[in-house]
Every structure is written in structure tokens, then in C-alpha cells.
Amino acid sequence: MGHLKQPPPKSTAATSPPQYFLLRLDTALSLHLHNLTKPFAPRPLLRFLELIADFRFFFPVSLALLLASPSSSPLRRHLLLPLALCSLLDLIFIALLKILVRRSRPTYSHHGDYNAVVSVDHFSFPSGHSSRVFFVASIFSFSKLLIVDAIADLHHPRLTMILDRWFRGDEVFAVNAVITAVWAWASATALSRIALGRHYVLDVFFGACFGVLEALFTLRFLEIQSWI
């Protein structure tokens with residue numbers, strides 16, 4: 001089969017020449033990357049990444065972990081609570097932006113084996129999956145020292161055994177390894193949105209940026225609340 005072609009994006013409002021050029025460039029680059037990765041992209045993996053980063057999967061899991069964690073656990077306050085709250089913030093903020101911008105998804109997003117694992121909305125900007133995985137990675141990064149202290153205070157026999165066996169008992173090294181893995185997952189998920197044809201490059205880029213800002217806002221909000 002030949003490469004798919006993407007028509008120029010439609011807009012309900014008048015578009016200035018610089019904006020129109022940027023949208024055409026974004027459309028062409030996104031289609032090129034989609035076609036470039038199509039012959040060798042691991043489709044089951046891409047669809048798995050799509051599933052686990054979807055709100056309907058991620059939020060119930062994060063909420064269950066929050067509710068199951070002991071109220072005295074430092075990880076509950078510094079990691080699990082921010083993840084659950086930021087997930088709700090992300091849902092509202094990204095949905096509002098999509099309604100305001102109303103950019104249509106690429107026309108090749110439902111082609112063949114690239115059908116969505118779960119139902120998706122009609123709007124493309126910004127990428128909700130990208131914002132979600134990047135706020136997760138950002139919360140892990142910004143809370144690194146607190147997570148290290150929390151793990152050091154747990155004194156759980158099984159956790160101690162894992163640290164001694166895989167990380168030589170070094171909590172900092174263990175947390176750094178986890179954070180690196182989370183960022184790798186976030187980056188792979190963001191790139192998969194383009195490979196699957198769900199989003200354009202700018203959708204993913206701004207979605208990732210919004211995710212980082214959401215993480216900063218959530219952590220700052222919780223920090224202020226702890227002072228009250």
C-alpha cells in the first residue's frame with residue numbers, strides 16, 4: 001500500500017499566513033513520521049502504551065493505590081496524592097483546551113491496525129496522553145528527594161531485600177533508576193501518539209509542556225495546603 005496522504009487541516013476561524021504555514025508544516029511532518037515508523041513500529045506495544053496512559057485506566061489505578069496506602073505513609077502524601085489530583089486537573093484542563101481549539105485529529109488515525117484501543121474524542125490539540133505521562137514523570141522528578149527519604153523510612157523487609165539485591169542498598173540509585181524508567185515510558189508514549197496517527201507533533205509537544213506545568217501547579221498547591 002502507498003503512503004497515506006493527509007489533507008490540509010480545516011479551521012473554522014480565519015488563519016493568518018504564519019499560523020497557516022506552521023499548521024501545514026506540522027501536518028506534513030506528522031504524516032512523514034507516521035509513514036516512516038509504520039513499516040517497523042511494534043503495533044501491540046504502541047496500543048499497550050495507549051491503553052495504560054488512558055485516563056480510564058490510569059486514574060482508577062492511581063486512586064486505588066492512594067486509597068490502599070497507609071495514611072501515615074510519606075509516599076501517600078508526596079507521590080500518590082499528587083498523581084491522583086493532577087490526573088483530575090489534567091482531565092479538566094486538556095478537555096477545556098480541546099473544546100476551545102477544536103483541531104481535528106489526523107484523518108489516518110483510524111486506518112487499519114491503528115484503530116484506537118479505547119474510544120477517543122474528535123479533537124487533537126493538545127494530546128491528553130502526552131500531558132498525562134509527562135505530569136507523572138515530572139511529579140516523580142520534582143519529588144525525588146522526598147521519595148528517597150520516604151523509602152529510607154519504610155524499613156520493609158521485602159523492599160530492603162530488593163534494594164540490596166538490585167541496587168546495592170542505595171535508595172538514591174534505586175529512585176534514579178525508577179525516574180529514568182518513568183521518563184522513558186513517558187517519551188515512548190508521547191512518540192507513539194504520532195506513530196499511531198492520533199496526534200500531530202505540535203499536539204504532543206504542547207501536551208508534554210502542559211503536563212510539566214500541571215505537575216508544578218499540583219505540587220505547589222499541596223505545599224501551600226500543608227502550611228495552612
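Residues numbered from 1 in each chain as written. Predicted model: local features only at pLDDT ≥ 70, side-chain atom pairs only at ≥ 80, totals over all residues. Heavy atoms only, no water.

For the protein, the helix and strand inventory stands at nine helices and zero strands. Going from the N terminus to the C terminus, the protein shows its helices and strands as α-α-α-α-α-α-α-α-α. For the protein, long-range pairs separated by at least 24 residues make up 80% of all intrachain contacts whose partners lie at least 6 apart in sequence. For the protein, the exposed area adds up to about 13,000 Å²; of that, 70% sits on carbon and sulfur atoms. (Helix = DSSP H or I, 4+ residues; strand = E, 2+ residues; numbered from the N terminus. Contact = heavy atoms within 4.5 Å. Areas by Shrake-Rupley, 256 points an atom, 1.4 Å probe, with all protein chains shown as cover.)

Right, let's talk about the nonpolar core for a bit. Core analysis: the largest hydrophobic core is formed by 28 residues, its most contacted members being Leu-83, Phe-135, Val-136, Ile-139, Phe-140 and Ile-147. Among the elements of the structure, helix H4 (74-101), helix H5 (128-142), helix H6 (144-154), helix H8 (171-195) and helix H9 (201-227) are those that each provide at least two residues to this core. Excluding its chain neighbours within four sequence positions, the residues that come into contact with Ile-147 are Leu-75, Leu-79, Phe-140 and Val-175. (Core = buried A, V, L, I, M, F, W, Y, C linked by side-chain atoms within 4.5 Å. Buried < 20%, exposed > 50% of the residue type's maximum accessible area, 1.4 Å probe, protein only.)

A cluster of nonpolar side chains, namely Phe-21, Leu-22 and Leu-25, defines an oily patch on the protein surface of about 320 Å² accessible area. Its place among the elements puts Phe-21 in helix H1 (residues 17-37). (Patch = residues over 30% accessible without salt bridge, like charges linked within 9 Å, V, L, I, M, F, W, Y side chains within 5 Å. Salt bridge = Lys/Arg side-chain N within 4 Å of Asp/Glu carboxyl O.)

Counting across every chain of the model gives seven salt bridges. The partner of Asp-90 in a salt bridge is Arg-132, and the shortest N-O contact between them spans 3.6 Å. One end of the pair, Asp-90, is in helix H4; the other, Arg-132, is in helix H5, with 42 residues separating them in the sequence. Across the pair, Arg-132 and Asp-90 agree in class, each one buried. The shortest N-O distance in the salt bridge between Asp-203 and Arg-103 comes to 3.1 Å. Taken as a pair, Asp-203 in helix H9 and Arg-103 in the loop between H4 and H5 lie far apart in primary sequence, 100 residues in all.

So, on to the UniProt feature "transmembrane region" (unreviewed entry) in the protein. Mapped onto this structure's residue numbering, the UniProt feature "transmembrane region" (unreviewed entry) falls at residues 79-101, 173-194 and 200-222. With 100% helix and 0% strand, residues 79-101 has end C-alpha atoms that lie 32 Å from one another. The span residues 200-222 shows a helical share of 96% and a strand share of 0%, and its end C-alpha atoms are spaced 33 Å apart. (UniProt positions renumbered as here; feature names shortened; annotations may be inferred.)

With that settled, consider the packing of helix H2 (residues 43-52) against H8. Relative to each other, H2 and H8 sit at 110°, their axes nearing to 9 Å. The angle between H2 and H8 places the two elements in the roughly perpendicular class. The hand of the H2/H8 crossing is left-handed. When H2 is examined against H8, the residues Leu-46, Leu-49, Glu-50 and Ile-52 are found in contact with a partner set consisting of Trp-185, Ala-188, Thr-189, Ser-192, Arg-193 and Ala-195. (Axes fitted to C-alpha atoms, helices over the stretch in contact; angles between N-to-C directions. Parallel < 35°, antiparallel > 145°, perpendicular 65-115°, else oblique. Left-handed = near helix turned anticlockwise from the far one by under 90°.)

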